[in-house]
Amino acid sequence: MTLPPIPFIDLKAQQARIAVDLRARIDRVLAHCQFILGPEVAELEQALAAFCGAAHCVTISSGTDALQIAMMAEGIGRGDAVFLPAFTYTATAEVPLVLGATPVFVDVDPRTFQIDPAHLEARIAQVKAAGVLRPRMLVAVDLFGQPADWPALSAIAAQEGLFTLDDCAQSFGASQHGKRLGSQADATMASFFPSKSLGAYGDGGALFTQSAERADLYRSLRTHGEGTTRYEVLRTGMNGRMDTFQAAVLLSKLTVFEAELALRERIAATYDRRIGNAVVTPARVPDSTSAWAVYSILTRDAGARDALQAALKAEGVPSAIYYPRPLHLQPAYRAHHDGTALPVSENLAERIMALPIHPDLSDADLDRICEAVVQNA
Ligand SMILES: *Cc1c(COP(=O)(O)O)cnc(C)c1O
C-alpha cells in the first residue's frame, strides 16, 4: 500500500488553526478600507519590535525591498564593496548590483552553513589590497533559521568600519546569547514570504534598527522619499510599503508564532536523533536557538544525494535543494566575481538536501520521513 505524498509545507493546516482570529482581522480591514498604511501596519510594527527586542520596526513590501531600502539609506552605489555569503538566496546579491555596487562573495562554514568570519577577513584584505572598491557593508545571512556568528562578525565590521546588515529573512524568531535576532547588526531585515518562519499571504518584509533617525529614513524611503508632507520629496525613494491586509495576517500569525517555533524545534531534535547516524545533520551555532525555516542534511556526494532524493520521492517524501548552485557561479553573477575559490559553498551545493519542517507536520509523517531516510541513505 502506498501512502499519499507528504506536503513539504502545509499552510492550509496552519490557516485552520488561526481561522477565527484571521477572519475577524481581515473583516476589520474590509470595514475600514485603509488598505495602505492602515492601523494594522503600525500595530504590527510595534508587535514585531517588541517580539524581537528592537527599538524600531518599519514594515516593507518584501524582504528584497527591505534590503534595498537599507542599502539606499547608507548611500550604497558604484565603487562600493558589499560583502555577503556565496551560499544564500539570490536576493542578497541582487540588491547591491541593482544599486550599482559590487557583491564580494565570502565562503561559509561547512558544518553550520553560516558565513565564515575568517574568510570574511581574508576577503576584506583582498579588496583593500586590490584598491579598486571601497569596503562599505557586510550583509550576513542567518541561513536556514540559525543566526550567523554575530559576535565575531560585529568585531570584524567595527574594526573595518563596515555597516552591518543582518539578512534575517530565514531566521526571524531565532536568538543568540538569549536575545532574539533584530538588534545584533546596525540594521536587520526580515521577510514574510509565505514559506518563511513567519509568513504572510503574499509578499512582506521589515527593517529593524536601534536608531530613530535611521527608522525615519526607512519610512521616507518606503514612501517615495517623502518629507513631513506627502508632496515634499526629500530624496529618491521607492514604493516599498507593506499593505494592510498582510499586516492583519501577520498579526494573527504572531499569536501562534512562539508555539510554532517550539514545534519546529521539537521536529529538528527528532530528526537529529533518528537520522543522525545515516546522514550528516546540521551543526548548531553555539549559544543560539533556531527558527528552523529549513532543516538541511548532507549526503556523502552528489550521487548519494540524487539517489536519496529519488528514493524518498518514490515513497511520497518530499525534499528540496537550497541551494543547487552558489551565487558566484550563477550566470548572472559570474562576471561580477573576482575568481576567488569558494570550495565550501561549491561542495555544499552538491551534497545538501532539505527535509520537511513545519509546525503542522504530524508525528506519523515525521516517523515516515525518518524511516525513509534511514532506509535509503
Ligand atoms: C527570502 C529571502 C530573501 C528575500 O525575501 P523576499 O521577501 O522574498 O523578497 C532575501 N534573503 C534571503 C536569505 C531569503 O531567504
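Predicted model, so just to flag it, every value in this text is computed and none were measured. Here, residues in each chain are numbered from 1, in the same order as that chain's written sequence. In keeping with the predicted nature of the model, local features appear solely for residues at pLDDT of at least 70, side-chain atom pairs appear and are counted solely at 80 or more, and the whole-chain, interface and lining totals rest on all residues. As a rule here, side-chain values cover all heavy atoms of the structure and leave hydrogens and water aside.

Colleague: Account for the packing of helix α10 (residues 302–314) against helix α12 (residues 363–376), naming residues and giving values.
Modeller: The relative placement of two packed helices is expressed as an angle between their axes plus a distance between the axes. Whenever a helix is involved, its axis is fitted only over the stretch in contact; in every case the axis is a line through C-alpha atoms, and angles between N-to-C directions fall within 0 to 180 degrees. Going along the chain from the N terminus, every DSSP run of H or I of four or more residues is numbered as a helix, and every run of E of two or more is numbered as a strand. Closest axis-to-axis distance for the α10/α12 pair is 10 Å, and the angle between their directions is 135 degrees. When the axes of α10 and α12 are compared, the pair comes out oblique. Both α10 and α12 take part in a crossing whose hand is right-handed. Together, Leu308, Ala311 and Leu312 of α10 and Ala372, Val373 and Asn376 of α12 make up the contact between the two elements. Its residues assigned to classes, the contact of α10 with α12 comprises five nonpolar, one polar and no charged. Working definition: roughly parallel below 35 degrees, roughly antiparallel above 145 degrees, roughly perpendicular at 65 to 115 degrees, and oblique for all remaining angles. Helix crossings are classified by the rotation of the near helix relative to the far one: an anticlockwise turn of less than a right angle makes the crossing left-handed, while a clockwise turn makes it right-handed. We call two residues in contact when some of their heavy atoms are within 4.5 Å. Residues are grouped as follows: Ala, Val, Leu, Ile, Met, Phe, Trp, Tyr, Cys and Pro are nonpolar; Asp, Glu, Lys and Arg are charged; all remaining types, including Gly, are polar.

Colleague: Could you give me a rundown of the site of the ligand, with the residues and numbers involved?
Modeller: Think of it this way: one heavy atom of a residue within 4 Å of a molecule or strand is enough to make that residue near it. Within the structure, the ligand sits among 16 residues, and Thr64, Asp167, Gln170, Ser191 and Lys196 are positioned closest to it. Think of a polar contact as two N or O atoms within 3.5 Å of one another; within protein, one of them needs to be a possible hydrogen donor and the other a possible acceptor, and neighboring residues in sequence only count if both atoms come from side chains. In the model, a nitrogen atom of the ligand is placed 2.8 Å from a nitrogen or oxygen of the aspartate 167 side chain. Residue serine 191 places a side-chain N or O atom 2.6 Å away from an oxygen atom belonging to the ligand. Of all the elements in the fold, those that place two or more residues in the shell around the ligand are α4 (63–73), α5 (91–98) and β8 (187–191). Its residues assigned to classes, the shell around the ligand comprises six nonpolar, eight polar and two charged.

Colleague: Would you mind going over the domain arrangement of the chain in detail, with residue names and values included?
Modeller: One can read the domain layout of the chain as domain 1 (11–252) and domain 2 (256–376). As annotated, the domain borders come from an automatic or database domain assignment. Distance from the C-alpha centre of domain 1 to the C-alpha centre of domain 2: 24 Å. In this complex, domain 1 contributes 47 residues to the contact, which on the side of domain 2 involves 42 residues. Put simply, buried area is how much 1.4 Å-probe accessible surface two parts lose in total, over both of them, once they are put together. Overall, the association of domain 1 and domain 2 removes approximately 3,700 Å² of surface from exposure, summing both partners, and the carbon and sulfur fraction of that is 60%.

Colleague: Give a detailed account of helix α3 (residues 39–52), specifying residues and quantitative values.
Modeller: Turn by turn, an α-helix covers 3.6 residues, leaving residues three or four places apart pointing in a common direction. The first and last C-alpha atoms of α3 sit 21 Å apart over 14 residues, in line with the 20 Å expected at 1.5 Å per residue. For the exposure calls, accessible area comes from a 1.4 Å probe over protein chains only, and a residue counts as buried if that area is under 20% of its type's maximum, exposed if over 50%, partly exposed in between. What α3 keeps buried is the set Glu40, Val41, Leu44, Glu45, Leu48, Ala49, Phe51 and Cys52. Across the axial projection of α3, the buried residues extend over an arc of 165 degrees, all falling on one side. Among the exposed residues of α3, those oriented more than 90 degrees off its buried face are Gln46 and Ala50. Summarising the contacts, the buried residues of α3 are in contact with α2 (19–32), β1 (56–60), β7 (179–180), β9 (205–209), α8 (212–222) and α9 (244–275). Looking one or two places after α3, you find glycine 53, whose phi comes out positive at around 75 degrees. By this rule the span expected of a helix is its residue count minus one, scaled by 1.5 Å. Regarding the arc, it is the one traced by the directions from the helix axis to the C-beta atoms.

Colleague: Explain the sheet that holds strand β10 (residues 288–289) residue by residue, including any values.
Modeller: One open sheet accounts for three strands, arranged β7-β6-β10; its pairing is antiparallel. Across the chains shown, the open sheet's two edge strands, defined by having one partner strand only, are β7 and β10. DSSP bridges decide pairing: two strands pair if at least two such bridges lie between them.

Colleague: Just give me the short version of the pattern of salt bridges, but keep the residues and values in it.
Modeller: By convention in these notes, a salt bridge is any Lys or Arg side-chain nitrogen within 4 Å of a carboxyl oxygen on Asp or Glu. Applying the stated criterion to the full structure yields 16 salt bridges. One salt-bridge network, in which partners are shared between bridges, spans Arg17, Glu260 and Asp360.

Colleague: How would you explain the environment of phenylalanine 105 if you had to name every residue and give the values?
Modeller: The residue phenylalanine 105 is located in strand β3 (residues 102–106) in this model. On a C-alpha basis, the gap between phenylalanine 105 and tyrosine 323 in space is 15 Å, while along the polypeptide they are 218 residues apart. Setting aside residues up to four positions removed in sequence, phenylalanine 105 forms contacts with Leu84, Pro85, Ala86, Ala93, His119, Arg123, Leu327, His328, Tyr333, His337 and Leu342.

Colleague: Tell me what's going on with the pairing of β3, and back it up with residues and numbers.
Modeller: Counting buried residues in β3 gives four out of five residues, a clear majority hidden from the surface. A crossover counts as right-handed when, viewed with the strands pointing away from the observer, the path leading from the first strand over the helix to the second turns clockwise. Regarding topology, α5 serves as the crossover connection from strand β2 (residues 80–85) to the parallel β3, and that connection is right-handed.

Colleague: Lay out the sheet that holds β3 with the relevant residues and their values.
Modeller: Taken together, the seven strands give an open sheet; going across it, the order is β1-β9-β8-β5-β4-β2-β3, and neighbouring strands pair in mixed fashion. At either margin of the open sheet sits one strand with a lone partner, and together these are β1 and β3. Going across the sheet, the axis of each strand differs from the next one's by a mean of 25 degrees, ignoring polarity. Here β2 pairs with β3 via five bridges, running parallel. Of the residues in β3, the one forming a bridge with proline 85 is valine 106. The strands touched by α3 are β1 and β9; relative to β1, the strand with the most contacts, the crossing angle is about 130 degrees. This element, helix α6 (residues 117–130), spans β2, β3 and β4 (134–141) of the sheet and lies at about 140 degrees to β3.

Colleague: Help me get a handle on α5, residues and values and all.
Modeller: Here α5 has its buried residues at Ala91, Thr92, Ala93, Val95 and Pro96. If you follow the buried residues of α5, they end up packed against α4, β2, β3, β4 and β5 (163–167). Phi turns positive, to about 90 degrees, at glycine 100, one or two residues after α5.

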